[in-house]
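# Commentary on secondary and tertiary structure
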Amino acid sequence: MAGSSTSSEAFHIAEWYGLPFLDLPDSDRQRLGKFRASGKMLNKTEMKRLVDLRTKANLGPLTAVEQKRLTDLEGRLTSLRATQMPCPFRTDTPFPFCNKPGGVCSMRLYKEQPGGGIQTVTGKRAHIRGMCPLRYQENNSVAQHIGQDILGDPQPFQVGEVGFLESTGNLDSAAGQSVGNIDMVLAATNTPTGHPMKWVAVEIQAVYFSGKEMGKELTAIAKNGGRATMPSEGRRPDYRSSGPKRLMPQLQIKVPTLRRWGKKMAVVVDIAFFKSMGKMREVPDLSNCDIVWYLVDFIQAAPGMPFELKVVDRRLTTLEHSIEGLTGGIPVAMGQFEGSIEDKMNAGP
């Protein structure tokens, strides 16, 4: 999968700081390849304080201490805007900077073009693979889709990191200490007063990539003048780490309690992620499912335009059927398993 092979296919950048990699001019690719973020990011508390002080300043004069704090935070924000790249997708912060080293949002398969350059692979493996969970926040469109679909509210309130598990007390945590969160909850805002709260838990899962670090690739892009060539190193989406090892335990821990509460878990993955899993039995109606899978894809309306996130499908499953799909295989017969043991024993050390 190295760039020197003319017949191979290889994964390379699809979106870079929100921009379509292949459509960029060489000069922009070279600039981005050279860019390295610097400066200490504002934390969530500091961002909230900055917003609050701005609001208060619009209503009247600040105290000397408040004005000094506002001036300090504004100065740090100005510095960050010169040393960080913005993220065009984030909706979880008033100051959306990219927090992913190298700024690669997603990847896709390419092949070498006759006469030089690269072109995207077509067919069933052409889908873009999302690498950053923040990529799925674009315009809040997925959250709005889920809100309308499950809650009947196209503008649900988004709550992040809600404590879900408390420690029973052990060596490293006191009893009652929070030891697990639900990453996102969408709550309906149109529920009549006095009625039970309507909400749905949401899990977003991007895919991890295995292979050499992207920093080496970005340096190579900068050195070659920003030309779009095959990658210098091999990388691939690691669906085993992303699905069975990361996503499946989250569902096994959270969904049984949600099911007892009569609540649903919405899981957002891109369509390539879902197709990488094994077959998953579905149920016919929302009322019968534990998990609603929302499959998204990245659609480019025309060359040069940014890719847009779109919900393209919905699948309804139970927890048990989801685990079957995430496992992606069925056990071999015991005789076959023992035969493999014997083969290894006969082969010797």
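Here we summarise the structure given alongside this text.

### Digging into the side chain of Ser167
- Relative to the assigned elements, Ser167 resides in the loop between β6 (157-166) and β7 (178-187).
- For Ser167, the side chain forms a polar contact with the main-chain nitrogen of Gly169, separated by 2.9 Å.
- Once residues within four sequence positions are removed from consideration, Ser167 is found in contact with Ser173, Ala174, Ala175, Gly176, Gln177 and Val179.

### Comments concerning the packing of helix α2 (residues 44-59) against helix α3 (residues 64-83)
- At their nearest, the axes of α2 and α3 sit 10 Å apart, and the two run at 125° to each other. Taken together, the axes of α2 and α3 are oblique relative to one another. For the element pair α2 and α3, the recorded crossing hand is left-handed. The residues of α3 that touch α2, namely those facing Glu46, Arg49, Leu50, Leu53, Arg54, Lys56 and Ala57, are Glu66, Arg69, Leu70, Leu73, Glu74, Arg76 and Leu77.
- Tallied by class, the residues present in the contact of α2 with α3 amount to six nonpolar, no polar and eight charged.

### Quick look at the environment of Gly39
- Inspection of the secondary structure assignment puts Gly39 in the loop between α1 (26-34) and α2.
- Here Gly39 falls in the exposed class, since its relative accessible area comes to 56%.
- The sequence separation of Gly39 and Phe337 amounts to 298 residues, and the corresponding C-alpha distance is 54 Å.
- Not counting the four nearest positions on each side in its chain, Gly39 is found in contact with Leu80, Thr83 and Gln84.

### Describing the nonpolar core
- Ranked by internal contacts, the top residues of the largest apolar core, which has 53 residues, are Trp16, Leu251 and Trp293.
- Here this core gets six residues from one element, more than from any other, and that element is helix α6 (residues 239-261).
- Beyond its immediate sequence surroundings of up to four residues, Trp16 is in contact with Phe21, Arg29, Leu32, Gly33, Gly102, Gly103, Val104, Cys105, Leu218 and Ile221.

### Examining the layout of surface pockets
- By volume, the largest pocket amounts to about 1,100 Å³.
- If you trace the largest pocket, you find 34 residues lining it, with Lys44, Arg90, Asp92, Leu134 and Gln137 closest to the centre.
- Elements represented by at least two residues in the lining of the largest pocket include exactly α2, β6, β7 and β8 (199-204).
- Top element by residues in the lining of the largest pocket is β6. It accounts for four residues.
- Its residues placed into classes, the lining of the largest pocket shows 15 nonpolar, ten polar and nine charged.
- Quantified by volume, the second largest pocket comes out at close to 340 Å³.
- If one sorts the elements of the lining of the second largest pocket by residue count, helix α5 (residues 214-223) sits on top with three residues.
- A per-class count over the lining of the second largest pocket returns 13 nonpolar, four polar and two charged.

Criteria and thresholds
- Residues numbered from 1 in each chain as written.
- Predicted model: local features only at pLDDT ≥ 70, side-chain atom pairs only at ≥ 80, totals over all residues.
- Heavy atoms only, no water.
- Helix = DSSP H or I, 4+ residues; strand = E, 2+ residues; numbered from the N terminus.
- Polar contact = N/O pair within 3.5 Å; in protein donor to acceptor, adjacent residues only side chain to side chain.
- Contact = heavy atoms within 4.5 Å.
- Axes fitted to C-alpha atoms, helices over the stretch in contact; angles between N-to-C directions.
- Parallel < 35°, antiparallel > 145°, perpendicular 65-115°, else oblique.
- Left-handed = near helix turned anticlockwise from the far one by under 90°.
- Nonpolar A, V, L, I, M, F, W, Y, C, P; charged D, E, K, R; others polar.
- Buried < 20%, exposed > 50% of the residue type's maximum accessible area, 1.4 Å probe, protein only.
- Core = buried A, V, L, I, M, F, W, Y, C linked by side-chain atoms within 4.5 Å.
- 1 Å grid on protein atoms, 1.4 Å probe; cavity = no way out; pocket = protein on both sides within 12 Å on 5 of 7 lines; lining within 4 Å.
- Points joined across faces, edges and corners; volume = space filled by probe spheres on them.

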